[in-house]
Amino acid sequence: MAVTNTYTVTGMTCGHCVQAVTGELTALPGVGDVQVDLASGAVTVTSEAPLSDDAVRAAVDEAGYELANA
């Protein structure tokens, strides 16, 4: 069963930003799909199992952006 979570990422301003965040999140084990809404900063991640917030935060940080606190 797939698990879908939506996060808010701050600092993205262009298509390159979207590609960087998508690439890092897609590399996480079990992630099957990443959808980014650049205008709102919403990032929807679909994975095989729940992801830890720390793993998501680390991937977003690696891309050069920040995960907004929920």
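Residues numbered from 1 in each chain as written. Predicted model: local features only at pLDDT ≥ 70, side-chain atom pairs only at ≥ 80, totals over all residues. Heavy atoms only, no water.

(A) Molecular detail of helix α1 (residues 15-26). Its 12 residues place the ends of α1 16 Å apart at the C-alpha level, agreeing with the 16 Å of an ideal helix rising 1.5 Å per residue. Of all the residues in α1, the buried ones are Cys17, Val18, Val21 and Leu25. When α1 is viewed along its axis, its buried side chains cluster within an angular range of 100° and face the same direction. The exposed set on the far side of α1, more than 90 degrees from its buried face, consists of His16 and Gln19. In the core, the buried residues of α1 are packed alongside β1 (3-10), β2 (31-37), β3 (42-47) and α2 (53-63). (Helix = DSSP H or I, 4+ residues; strand = E, 2+ residues; numbered from the N terminus. Expected span 1.5 Å × (residues − 1). Buried < 20%, exposed > 50% of the residue type's maximum accessible area, 1.4 Å probe, protein only. Arc of directions from axis to C-beta. Contact = heavy atoms within 4.5 Å.)

(B) Broad picture of the state of the cysteines. Within the structure shown, the criterion is met by zero disulfides. Not engaged in a disulfide, the cysteine Cys14 finds its nearest cysteine sulfur in Cys17; these two sulfurs lie 3.5 Å apart. (Disulfide = S-S within 2.5 Å.)

(C) Region of the structure containing the pairing of β3. With burial as the criterion, only one face of β3 is covered, namely that bearing Val43, Val45 and Ser47; the residues Ala42, Thr44 and Thr46 on the opposite face remain uncovered. Pairing of β1 with β3, which is carried by six bridges, proceeds in the antiparallel orientation. Its bridge partner lying in β3, Thr6 is registered against Thr44. The sheet contact formed by β2 and β3 spans six bridges and is antiparallel. (Pairing = 2+ DSSP bridges.)

(D) Just the sheet that holds β2, in detail. Strand order in the open sheet made by the four strands is β2-β3-β1-β4, with antiparallel pairing throughout. The strands lining the two open edges of the sheet, one partner per strand, are β2 and β4 (66-67). Lying over the sheet, α1 contacts β1, β2 and β3, oriented at roughly 160° with respect to β2. (Axes fitted to C-alpha atoms, helices over the stretch in contact; angles between N-to-C directions.)

(E) Layout of the packing of α1 against α2. Two numbers describe how α1 lies on α2: the axes approach to 8 Å, and their chain directions differ by 140°. Classified by the angle their axes make, α1 and α2 are oblique. The two elements α1 and α2 meet at a crossing, and its hand is right-handed. Mapping the contact onto sequence places Ala20, Val21, Glu24 and Leu25 in α1 and Val56, Ala59, Val60, Glu62 and Ala63 in α2. Classifying every residue of the contact of α1 with α2 by side-chain character gives seven nonpolar, no polar and two charged. (Parallel < 35°, antiparallel > 145°, perpendicular 65-115°, else oblique. Left-handed = near helix turned anticlockwise from the far one by under 90°. Nonpolar A, V, L, I, M, F, W, Y, C, P; charged D, E, K, R; others polar.)

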